[in-house]
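Notes for the structure review
Chain by chain, the residues run as shown.
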Amino acid sequence: MVIMETLIVTVDNKKNLSFIRKLLRKFSFVLEIKSTPSTEQSHLTNQVNVAGKLSHYADTSKIFDENTVWQQIVKEKHGPH
């Protein structure tokens, strides 16, 4: 049984569209590349906003906590400086 997935990529201009097409053709697992005008994309379902998902991981309080943990590790390993 073969399971196939579809990846939808939205690009901002024709130059980037050409670049993405050339890049994808280099991968042996890419079976087909289609281009759809932006007006037709509004009816597509299951679209994922990657920037929105990634912003969840950009919580500045977590970054500060992570830096604090790394500072503690360095102090334990190398002593206070």
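Remember, predicted model here, so these are calculated numbers, not experimental data.

1. Focus: the overall build of the protein
- Within the protein, the secondary structure is distributed over three helices and zero strands.
- Going residue by residue from the N terminus, the α and β elements of the protein occur as α-α-α.
- Across the 81 residues that make up the protein, the buried fraction comes to 1%.
- Surface summary for the protein: the accessible area is close to 8300 Å², and the carbon and sulfur share equals 58%.

2. Topic: helix H1 (residues 14-25)
- When the terminal C-alpha atoms of H1 are compared, their 17 Å separation across 12 residues agrees well with the 16 Å that a helix rising 1.5 Å per residue should span.
- Structurally, the start of H1 carries an N-cap: the backbone nitrogen of Lys15 is 3.2 Å from a side-chain oxygen of Asn13.

3. Comments concerning the packing of aromatic side chains
- Counted by the stated rule, this structure contains one aromatic pair.
- For the ring pair Phe27 and Phe29, a centre distance of 5.2 Å and an interplane angle of 35° mean the geometry is tilted.
- For Phe27, a relative accessible area of 37% gives the class partly exposed.

4. Describing the pattern of salt bridges
- Within this structure, the stated rule accounts for one salt bridge.
- As a salt-bridge pair, Lys34 and Glu32 come within 3.9 Å of each other at their nearest N and O atoms.
- Assessed through its relative accessible area of 66%, Lys34 is described here as exposed.
- Take Glu32: its relative accessible area is 57%, and that puts it in the exposed class.

5. Section: a nonpolar patch on the surface
- Together, Phe19, Leu23, Phe27 and Phe29 make up an exposed nonpolar region whose accessible area comes to about 430 Å².
- With respect to the secondary-structure elements, Phe29 resides in the loop between H1 and helix H2 (50-55).

6. Digging into the confidence of the model for the protein
- On average, the protein scores 77 in pLDDT, and the residues at 70 or more come to 67%.
- No element of the protein has a lower mean pLDDT than H2, which averages 65, and none a higher one than H1, which averages 90.

What counts and how
Residues numbered from 1 in each chain as written. Predicted model: local features only at pLDDT ≥ 70, side-chain atom pairs only at ≥ 80, totals over all residues. Heavy atoms only, no water. Helix = DSSP H or I, 4+ residues; strand = E, 2+ residues; numbered from the N terminus. Buried < 20%, exposed > 50% of the residue type's maximum accessible area, 1.4 Å probe, protein only. Areas by Shrake-Rupley, 256 points an atom, 1.4 Å probe, with all protein chains shown as cover. Expected span 1.5 Å × (residues − 1). Polar contact = N/O pair within 3.5 Å; in protein donor to acceptor, adjacent residues only side chain to side chain. Phe/Tyr/Trp six-rings, centres within 6.5 Å; stacked < 30°, edge-to-face > 60°. Salt bridge = Lys/Arg side-chain N within 4 Å of Asp/Glu carboxyl O. Patch = residues over 30% accessible without salt bridge, like charges linked within 9 Å, V, L, I, M, F, W, Y side chains within 5 Å. pLDDT = per-residue confidence, 0-100.

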